[in-house]
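Here is what each chain is made of, one letter per residue.
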Amino acid sequence: MTTAHAAAARTGTGAARACDRETSVTRSLLGYGVIAGPVYVGVSLTEALTRDGFDLTRHAWSLLANGDLGWIHIVNFVLAGAMTLTFAAGLRRAQGGGWAPRLLTVYGLSLLAAGAFRADPAGGFPRGVPAGEVSWHGIAHLASGGIGFACLVAACFVLARRFARRGRAAWAWGSRATGALFAAGFLAVASGAGSGAGAAWANLAFTGAVVLGWAWISAVAVHAYRNA
């Protein structure tokens, strides 16, 4: 082998190793998107089923940040936000930029904000704490949630368009359905949906929408990981 051939071989090997490292980093970042949803949903459901006075038909998960054990849900928010931000960084590397990673970055930031600004007690939770006037941190919580959910819905439709362009019809329709159902669930609970059974239905619909949104993030992360 000539000196020139040897140098070319070394250059090619170095480029391949650099490419492998880049792919490994990208997949590591995407992996956080796979586990973010299961962690958040698993912890939230465990809290909802074990916290005294919490009723899944009447109370949103955000209320779990109140009370003596509220720190658990605050940490849950922060972890979910950090993992979502990490996933968004991996998606940006995998796609070479675009609006979907930006929108998911805002969604991750909104989760951090939701942990920093606690929702006000409501509906008799925590037990024995009456609902009072809306506080500044309660308003900040609602605002961050609204912005984050809007960005998540937008990300669903942005990625649906990308999937459609690439001939991934099932992924495109699944992303559109997720965005539409999440938006419907959020609007239902935001509007109050009346009272009694109507309010219970709206709260359960929103809870289901949150689970669906996290499931979509996990699925997209797995898809991007396999194609990185």
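Residues numbered from 1 in each chain as written. Predicted model: local features only at pLDDT ≥ 70, side-chain atom pairs only at ≥ 80, totals over all residues. Heavy atoms only, no water.

Undergrad: Residue-level account of the packing of aromatic side chains, with values.
TA: Aromatic ring pairs are described here by two measures, namely the spacing of the ring centres and the angle between the planes. Scanning all chains against the criterion turns up 11 aromatic pairs. A centroid spacing of 5.6 Å and a plane angle of 35° characterise the contact between Tyr40 and Trp214, whose relative ring orientation is tilted. Of this pair, Tyr40 sits in helix α1 (residues 3-50) while Trp214 sits in helix α6 (residues 197-226), placing them 174 residues apart in sequence. Grouping aromatic residues by their ring pairs yields a cluster made of Tyr40, Trp61, Phe77, Tyr107 and Trp214. (Phe/Tyr/Trp six-rings, centres within 6.5 Å; stacked < 30°, edge-to-face > 60°. Helix = DSSP H or I, 4+ residues; strand = E, 2+ residues; numbered from the N terminus.)

Undergrad: Help me get a handle on the packing of helix α2 (residues 70-95) against helix α3 (residues 99-116), residues and values and all.
TA: Put simply, α2 and α3 touch, their axes get as near as 7 Å, and they point 170° apart. Taken as axis vectors, α2 and α3 run roughly antiparallel relative to one another. Considering only the axes of α2 and α3, their crossing is left-handed. For the contact of α2 with α3, the per-class residue count stands at 17 nonpolar, 6 polar and 1 charged. (Axes fitted to C-alpha atoms, helices over the stretch in contact; angles between N-to-C directions. Parallel < 35°, antiparallel > 145°, perpendicular 65-115°, else oblique. Left-handed = near helix turned anticlockwise from the far one by under 90°. Nonpolar A, V, L, I, M, F, W, Y, C, P; charged D, E, K, R; others polar.)

Undergrad: Could you give an account of the side chain of His73, naming the residues involved and the relevant values?
TA: As for its placement among the helices and strands, His73 is situated in helix α2. Overall, His73 belongs to the buried group, its relative accessible area being 0%. Non-local contacts of His73, meaning those with residues more than four positions away in its chain, are made with Tyr40, Ser44, Glu47, Trp61, Ser62, Leu64 and Ala65. (Buried < 20%, exposed > 50% of the residue type's maximum accessible area, 1.4 Å probe, protein only. Contact = heavy atoms within 4.5 Å.)

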